[in-house]
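Letter by letter, the chains look like this.
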Amino acid sequence: MTNETRPSETRPSGSVGLAPHEDALLRRTYWAVVGRSYWRGHLNRIATFFILLIALLTIIVPFLANSSPYIAVIDGHREFPLFRNLTRVDWIWLLWGFLASFFALIFWRTGKRNIEIEPLRAQRLRWGLALAAVGILLSTGIVLFKNDYLDSRDYHQLARAGELHNAVFPPLRWGFSDQEPLDANRLYETPSREHFLGTDSNGRDALARLLWSTRIVLEIGLISEIIALTIGAIYGAFMGYFVGKIDILGMRFVEIVEAIPLLFLLITFVAIFGRQLFMIMVIIGVTGWTGIARFVRAEFLRIRQLDYVTAAKSLGLPLPNILFRHMLPNGLTPVIVTFTFGVAGNIVSESILSFLGIGVEPPTASWGAMLDQAGNPGEVFRWWLAFPPGLMIFLTVFAYNITGEGLRDAIDPRTNKTI
Amino acid sequence: MLMYILRRILLMVPTLIGMTLLLFCVVRFAPGLTTAGGAMAENSRQAQQAIEEKIKKRLHLDRPLIVQYFLWLNDTVHGNLGESIQYNAPVAQLIKERLPITLTLNLLSSIIVYLIAIPGGLLASIRRGKSFDIAWSFVTLALFSLPIIWVGDMLLAVFGNPNFLGWFPVGGAHATSTEWMTSGSYAGDFLWHMVLPVICLSYGQFAYLSKIQRAAMLDNLGLDYVRTARAKGLPPSVVTLRHVFRNSLLPMITLFAGLIPGLLGGSVVVEHIFSIKGMGDLVVTATSARDLPIVQAVALIGSIITLICLLITDICYALADPRVSYD
């Protein structure tokens, strides 16, 4: 496209006498400025890397902790059991992980080139929409046409019996629901060379479950927050745009929902609607939107008086168009911070529900459920089941909270100066 | 002043009605409403039918929907919260037994939270930008991120487990035999049992409160009256402690109402871990058994407590700040 020496007509007149690097500073997009300010904090960087690590784990965990080998010769046939046994969810995670990293690469590459901001935005938007469309199409295809393969073979048994030749196993030879045989009586085993973090109440490998839990944590953390964001943004947008009766009534409803303690509301919904994974996501989502609604409302109250909204109105644009295409993109900035804190809150909510025994149904691995299995610490304390999952919850939640604080400081120049 | 309080209470009525309507609707339109509690396998068919009848009678399912709500509201206002399926006892009585311990736990925790968060925020604002400020905000954020389920387990394992340190009792709110105790030692025993649960409940709340305290201090430090006080030649300690600190306490009053929902939610977990027979423990067992009357009543009581705290906060604020007009 353009190269950096091209004289630009859109260059602001004030930048004539500036050095090239200062010129580049002027041309940076809003998010590039925020990103730079954010990336300057060491703690922010560590937290971001940790979050990316958890996300990576979520995507590749079937290849790390699985009881079936990558490749093996069974009865004279070469087979790929692990790849055959990948479920729909595994494939969808792989697909979205690939698309997300592809988009991140585009974002990063185009950010380095010194091109005009508007074409850059349009380019990124096009790429983002194209990739999202591909992702939605392919994941629908996966859901419709891929059947989960039920593998009844026990590869540990086969390997012991010597019927498995040239087998290449994953680093950890246990999945999240693979149990030691019941007659082996290997429940609640302390860490050993076979089970690096010991076994739980069903003789399952604790480390494998620890790794697989990242999946449930991210699924619930992100999807619930997206649900909350959708509800909160639409609700807040309407309240902020129509000042007056709708606003007053709407805010009363927000106050009502906020008056009910969150955990009580969660428990009530779980008692009524059950505890399937999807239900838990929706429940955590529909109970956590009030904060976002407040934020979006406050932003809309400010934005609705700006000239471009008046212009959009006078052009006779339809209301949803004004609200969601012109105002929402500008009013969503502070919500990013709430989103990050919200993910952390959802992770905590999920782990508490699982810990109380009313979270996602077993045998799904979850850090909260693992903590629950550690038993009553007043009597028998199984530290190998209690310590690691708690530490993982703490680190993940801490990482998201640090990211939220860092983003808030980067976005709001006023708080930036207080530290 | 009395008029102000009355007005505040009247303003609360719509919220209260909306809240009861929400909780009523949530339970009324629950799927499998009349089979609630049916998960218990030992229930015979007859017992099942008796439960169904009970629920139908309680919810007046033969009347129009709007009448159902008002009849339910009427019952609730008169203290009839339905009958528990699990315990076969009136819910109101169950809650009455368990409410005091939960309230005490919350009150003790909120006192501890204020006692630590306020000095922390004060020091952080005085040492603004110095190492204490940065360390304090980091530590409180870390504490805020520590999962309560983990901390509870760890505290109990280290300080409660008789095989390890065994300094504190492992559960409950009282020793097993309390007959021999005088009222003094009874209170001491109770407080001894409350140490670990209160630590568990309070550590996560420091971050937000001390942040607000610090911000309020910094806001006040930039005002004119501080410059006047300094110009008079007052020593810095008098300026900060007597002038600025007292003014910065005002926003802290309003935070009390925001603290309570979090504490109530936390006490569910804490009571579960430390096997304290409180309201949270009640609601967890009720949820596993799909005992909807209890779940609904506990949510209702929790929200009413929150609203009452909101009211108290408003009144305290009006008392503390003479600028708040009473009309």
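Parameters at a glance
Residues numbered from 1 in each chain as written. Chains lettered and ligands numbered in written order. Predicted model: local features only at pLDDT ≥ 70, side-chain atom pairs only at ≥ 80, totals over all residues. Heavy atoms only, no water. Patch = residues over 30% accessible without salt bridge, like charges linked within 9 Å, V, L, I, M, F, W, Y side chains within 5 Å. Areas by Shrake-Rupley, 256 points an atom, 1.4 Å probe, with all protein chains shown as cover. Salt bridge = Lys/Arg side-chain N within 4 Å of Asp/Glu carboxyl O. Helix = DSSP H or I, 4+ residues; strand = E, 2+ residues; numbered from the N terminus. Buried < 20%, exposed > 50% of the residue type's maximum accessible area, 1.4 Å probe, protein only. Expected span 1.5 Å × (residues − 1). Bend = angle between axes of the 7 residues up to and from the residue. Polar contact = N/O pair within 3.5 Å; in protein donor to acceptor, adjacent residues only side chain to side chain. Phe/Tyr/Trp six-rings, centres within 6.5 Å; stacked < 30°, edge-to-face > 60°. Contact = heavy atoms within 4.5 Å. Buried area = accessible area lost by both parts, 1.4 Å probe. Nonpolar A, V, L, I, M, F, W, Y, C, P; charged D, E, K, R; others polar. Pairing = 2+ DSSP bridges. Axes fitted to C-alpha atoms, helices over the stretch in contact; angles between N-to-C directions. Parallel < 35°, antiparallel > 145°, perpendicular 65-115°, else oblique. Left-handed = near helix turned anticlockwise from the far one by under 90°.

(A) Representation of a nonpolar patch on the surface within the structure. On the surface, Leu-107, Ile-111, Ile-112, Leu-115 and Ile-116 of chain B cluster together into a nonpolar patch covering about 440 Å² of accessible area. For Leu-115 of chain B, the position within the fold is in helix H4 (residues 91–126).

(B) Local environment of the environment of Ala-167 of chain A. Residues and elements named next belong to chain A. Within the element layout of this structure, Ala-167 appears in strand E3 (residues 164–168). Assessed through its relative accessible area of 31%, Ala-167 is described here as partly exposed. Spatially, the C-alpha atom of Ala-167 lies 6.7 Å from that of Val-73, the residues being 94 residues apart in sequence.

(C) Region of the structure containing helix H8 (residues 206–241) of chain A. All names here are of chain A. Under the 1.5 Å per step criterion, the end-to-end length of H8 is 51 Å for 36 residues, consistent within 8% with the ideal 52 Å. Of all the bends in H8, the greatest, near 25°, is centred on Trp-212. Counting buried positions over the 36 residues of H8 gives 26, a clear majority of the element. The N-capping residue of H8, defined by a side-chain oxygen 3.3 Å from the backbone nitrogen of Leu-207, is Asp-205.

(D) Representation of the packing of aromatic side chains in the model. All names here are of chain A. If you walk through the whole model with that rule in mind, you get 25 aromatic pairs over all chains. Seen in terms of ring centroids, Phe-98 and Phe-102 are 6.2 Å apart; in terms of plane orientation they differ by 15°. Their pairing is stacked. Note that Phe-98 and Phe-102 are positioned in helix H5 (residues 88–112) at a spacing of four residues, about one turn of the helix. Look at Tyr-241 and Phe-242: their rings are 5.2 Å apart centre to centre, the planes differ by 90°, and that puts the pair in the edge-to-face class. Since its relative accessible area comes to 27%, Phe-242 is described here as partly exposed.

(E) Region of the structure containing the side chain of Ser-303 of chain B. With respect to the helices, strands and loops of the structure, Ser-303 of chain B is situated in helix H13 (residues 292–320). When residues no more than four places from it in sequence are discounted, the contact partners of Ser-303 of chain B are Ala-259, Ile-260 and Pro-261 of chain A together with Met-19 and Leu-23 of chain B.

(F) Inspection of the interface of chain A and chain B at higher detail. Taken together, the contact pairs 43 residues of chain A with 52 residues of chain B. Both faces considered, chain A and chain B share a buried interface measuring about 4,200 Å² in area, 77% of it formed by carbon and sulfur atoms. Taken together, the links from chain A to chain B amount to one salt bridge. Linking Lys-211 of chain B and Glu-405 of chain A is a salt bridge whose minimum nitrogen-to-oxygen distance equals 2.9 Å. At the junction of chain A and chain B, the tally comes to five residue pairs in polar contact (both at pLDDT 80 or more). Of all the secondary-structure elements, those providing two or more residues to the side of chain A that touches chain B are helix H9 (245–259), helix H10 (262–273), helix H15 (333–355), helix H16 (367–373) and helix H17 (383–411) of chain A. For the side of chain A that touches chain B, the element with the most residues is H17 of chain A, which contributes twelve residues. Considering only residue class, the side of chain A that touches chain B consists of 31 nonpolar, eight polar and four charged.

(G) Local environment of the pairing of strand E1 (residues 71–74) of chain A. All names here are of chain A. With three bridges connecting them, E1 and E3 associate as antiparallel partners. Looking across to E3, one finds that Val-73 is bridged to His-165. For E1 and strand E2 (residues 77–79), the ladder comprises three bridges, and the chain directions are antiparallel. Among the inter-strand pairings, Ala-72 is bridged to a residue of E2, identified as Glu-79. Linking E1 back to E2 in an antiparallel pair, the connection comprises two residues, with Asp-75 at a positive phi of about 50°.

(H) Representation of H15 of chain A in the model. Residue and element names in this part refer to chain A. The first and last C-alpha atoms of H15 sit 34 Å apart over 23 residues, in line with the 33 Å expected at 1.5 Å per residue. Of all 23 residues in H15, 18 are buried, a share of seventy percent or more. Gly-357 lies just past H15 and shows a positive phi near 80°.

(I) Main features of the packing of H17 of chain A against helix H5 (residues 131–145) of chain B. At a minimum axis distance of 8 Å, the contact between H17 of chain A and H5 of chain B shows a crossing angle of 130°. Overall, the two elements H17 of chain A and H5 of chain B adopt an arrangement that is oblique. Crossing hand, H17 of chain A versus H5 of chain B: right-handed. On H5 of chain B, the residues that touch Phe-394, Val-397, Phe-398, Asn-401, Ile-402 and Glu-405 of chain A of H17 of chain A are Phe-138, Leu-141, Ala-142, Phe-144 and Ser-145 of chain B. Here the contact of H17 of chain A with H5 of chain B is composed, by residue class, of eight nonpolar, two polar and one charged.

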